[in-house]
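# Observations on the model geometry
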Amino acid sequence: MSSYHLDHLQYLETEAIHVMREVAAGFERPALLFSGGKDSICLLRLAEKAFRPAEIPMPFLNVETGHEFPELIEFRDRRAAELGAKLIVRSVDEAFAKGIAAPTPGQISRNQLQIPVLLAAIEEFRFDCCIGGARRDEEKARAKERFFSFRDAFGQWDPKNQRPEIWNLYNARLNPGENMRVFPLSNWTEMDVWEYIRKERLEVPNIYFSHTRDCFRKGGQWIPVPPPHTDSSKPDPYAGARPGPNENVRSLVVRVRTIADMISTGMIESPASSVDDIIAEVAAARVTERGSRADDKASEAAMEDRKKAGYF
Amino acid sequence: MPAPHSIELLRFNTCGSVDDGKSTLIGRLLYDSKSLMEDQIEALERSADITGGGQINLANLTDGLRAEREQGITIDVAYRYFATPRRKFIVADTPGHVQYTRNMVTGASTANLSVVLVDARQGVIEQSRRHTYIASLLRIPHVVIAVNKMDLVGWSEARFQEIRDEFESFLPLLDLKDVKFIPMSALNGDNVVEPSVHTPWFAGPTLLGHLETVHIGSDWNMGAFRFPVQWVNRPNNPRDPHLHDFRGFSGQIAGGIVRVGQRVMVLPSGLKSTVKEIWTLDGPLQEAFCPQSVTLVLADDLDISRGDTLVGMEFLPGLSSELHAKVCWMHPRPLQRGRRYLLKHGTQIVQAAVTTVENRINVATYQAEPEPPELAMNDIGEIRLKTARPLAYDGYVTNRLTGAFVLIEQGTNATVAAGMLHPPLESVRPEYSDFAI
């Protein structure tokens, strides 16, 4: 057996680096969507591998719902600074103030509201490409998406009319106003992401590891109790998302498997306190990662509908 | 904790006509290899109650879009992922109905292996001949003919042998090196993951057994060194003074091996230099190989940009602006002689005009029909092209990366064709230079 041979992680890595460099060379104003979550953490390492010793030739962009885990925000800001990258943050609250988005009556989750905020940021900075950490194994609609996913001038995805993607010859061409979403981790699984984090010794936010947290039961999941409302000069951002007086708040040993924001992330009960523990847990898991995402449970086509509207 | 043992990745695609049981086969592989999760099985059971009369439909696993579930069809290439302790797998499930050629070419372009499904009751049909043709055209290294629905022919060894004989009557016309035949029932799981009790006469492996063990170590081209330059790496304000003059050429090796100290030629210019350093984030390498992504530093300060190709001095490629190729047409607007397109080859995009449409290949009979008026969607044919600047290329038979291109329609930017280049008539000579000295 020759030594000229790549194992699966090396193969996925070289494929993703190739995709990242195609973005840097093929677009004028790309951005990298960085939330601080595990998938985008891998994207950052791949960007270093693709572009060092030069600078990473694109800013990082994050759209906040206003319900983020504070640990995630801290981690996101610190990593961007460590890498010397420009971090652009746009938020749903800002979008309310500017009239770009309006609260949906009766809807506490702001997941859907990230769509207009993202599209407005793309327009504001004239981004022609956004790199995202989405993976095809996450969800059925994602399974049909290309590495280079074309969006029309309204940010829409048309699943029936995607460009064929052959060999590694990606078609990055756009007309003005059009946009591309590029997913270097398309072929990665949840397990690959954790194995890569282990191999590369990547730091992840501590909420991925087991910790004690107050949670309450909602929609069959353990939802974290939001932080207390301290600034009485502003309305409570978690109004309506707090446990009621009769709800049973319990202190549990939990961690996150996938991160949306505080009101749509189900915590899983887990003693996993290291990346090795997490890998063992993922290997033995009997439900998919997105099984703990309230945003995907809305309907069988929830993701398909959001993507058509411009979700990433 | 020590790193786990190295696991290989095998990419395969499945092809068959409607109702051959492709999606069922993939569902069976996922289900029996315990790659399905409880919420996926729950979702299957939910949709079974709605659309399947209570019967779990394994095909619903791969039919991801609402329109597909409603119409009971597969619109596009769907990718699935599963793993066993021996290998990781990426499956491209390609639909069998209209647009099958376009989608199959897409799914097959990155595959190590193709699974061609045949209904044991029907045996070889026109589609079977098309699918094996495309597998050969795309030069998929390994092919499995899955003779499915064997339960419906009473697990007849004679029937299996008959189908096998029929395939073997035309396989010599194709360029397939490794073809395996496996009798199975995807619906019941026989010979998919678990060996069947119904086929004592069959000594071969199950499908999964074959997928786990087929040798794929030599599927990448380890011959001549080819390096399409993707991106020029020049740090703007390096903190490290050593990097002030750093000028690296980043890319993915598309063929062969590169070593520090090796002589290389830049094409199309013909300039020559020596590899001074193979830079990676993980430290410098002494050598690197296909398909690694690296950054090369050369000993000389040459004018090199994206779209140029660095090649080894042995086994030089062709260099020409007149190209001869087979194409698969992928767009509703047909290909006609004289049309101009953008051609993407490696990391460059050039203007190209179609000068001749030589023939259209009947993929059921393998006969070439000369001088067709046009190539319509899903047609395969041979064409000649003239490009605005010369390409450094190899025949697709030699290198699946440097011998491939796509055509892009100007204006709409639609990807309209996949092309496979014929080997060059002559190679660049070692003394070649584009510059008069």
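Residues numbered from 1 in each chain as written. Chains lettered and ligands numbered in written order. Predicted model: local features only at pLDDT ≥ 70, side-chain atom pairs only at ≥ 80, totals over all residues. Heavy atoms only, no water.

Helix packing geometry: the angle between the two helix axes and the distance between the axes. Residues and elements named next belong to chain A. The N-to-C vectors of helix H1 (residues 8-26) and helix H6 (residues 190-199) enclose an angle of 95 degrees; their axes lie 11 Å apart at closest approach. Here H1 is positioned roughly perpendicular relative to H6, judged by the angle of their axes. Facing H1, whose interface residues are His 8, Leu 9, Gln 10, Leu 12 and Glu 13, H6 presents Asp 192, Glu 195, Tyr 196 and Lys 199. (Axes fitted to C-alpha atoms, helices over the stretch in contact; angles between N-to-C directions. Helix = DSSP H or I, 4+ residues; strand = E, 2+ residues; numbered from the N terminus. Parallel < 35°, antiparallel > 145°, perpendicular 65-115°, else oblique. Contact = heavy atoms within 4.5 Å.)

Contact residues are listed per partner, giving 90 residues for chain B and 68 residues for chain A. Taken together, both faces of the contact between chain B and chain A bury some 6700 Å²; the carbon and sulfur share is 55%. There are five salt bridges connecting chain B and chain A. Its salt-bridge partner being Glu 15 of chain A, residue Arg 11 of chain B comes within 3.2 Å of it at the nearest N-O pair. Our count for the contact surface shared by chain B and chain A stands at 35 residue pairs in polar contact (both at pLDDT 80 or more). Among the elements that line the side of chain B that touches chain A, the one with the most residues is helix H3 (residues 66-71) of chain B, at five residues. Within the side of chain B that touches chain A, the residues separate by chemical class into 41 nonpolar, 29 polar and 20 charged. (Buried area = accessible area lost by both parts, 1.4 Å probe. Salt bridge = Lys/Arg side-chain N within 4 Å of Asp/Glu carboxyl O. Polar contact = N/O pair within 3.5 Å; in protein donor to acceptor, adjacent residues only side chain to side chain. Nonpolar A, V, L, I, M, F, W, Y, C, P; charged D, E, K, R; others polar.)

Here we take up the pattern of salt bridges. What the rule picks out here adds up to 44 salt bridges over all chains. Of the charged contacts in the structure, one is a salt bridge between Glu 203 of chain A and Arg 78 of chain A, with a shortest N-O distance of 2.6 Å. Pair noted here: Glu 203 of chain A is in the loop between H6 and strand S7 (211-218) and Arg 78 of chain A is in helix H3 (residues 70-82), with a separation of 125 residues, a long-range link. What makes Glu 203 of chain A partly exposed here is its relative accessible area of 41%. Judged by its relative accessible area of 27%, Arg 78 of chain A falls in the partly exposed class. The closest approach of N and O atoms between Glu 124 of chain A and Arg 90 of chain A, which form a salt bridge, is 2.8 Å. One end of the pair, Glu 124 of chain A, is in helix H5 (residues 114-125); the other, Arg 90 of chain A, is in strand S3 (residues 87-91), with 34 residues separating them in the sequence. Taking relative accessible area as the criterion, Glu 124 of chain A reaches 42% and is therefore assigned partly exposed. Residues participating in the shared-partner salt-bridge network are Glu 13, Arg 45, Glu 48, Lys 49 and Glu 200 of chain A together with Asp 282 of chain B. (Buried < 20%, exposed > 50% of the residue type's maximum accessible area, 1.4 Å probe, protein only.)

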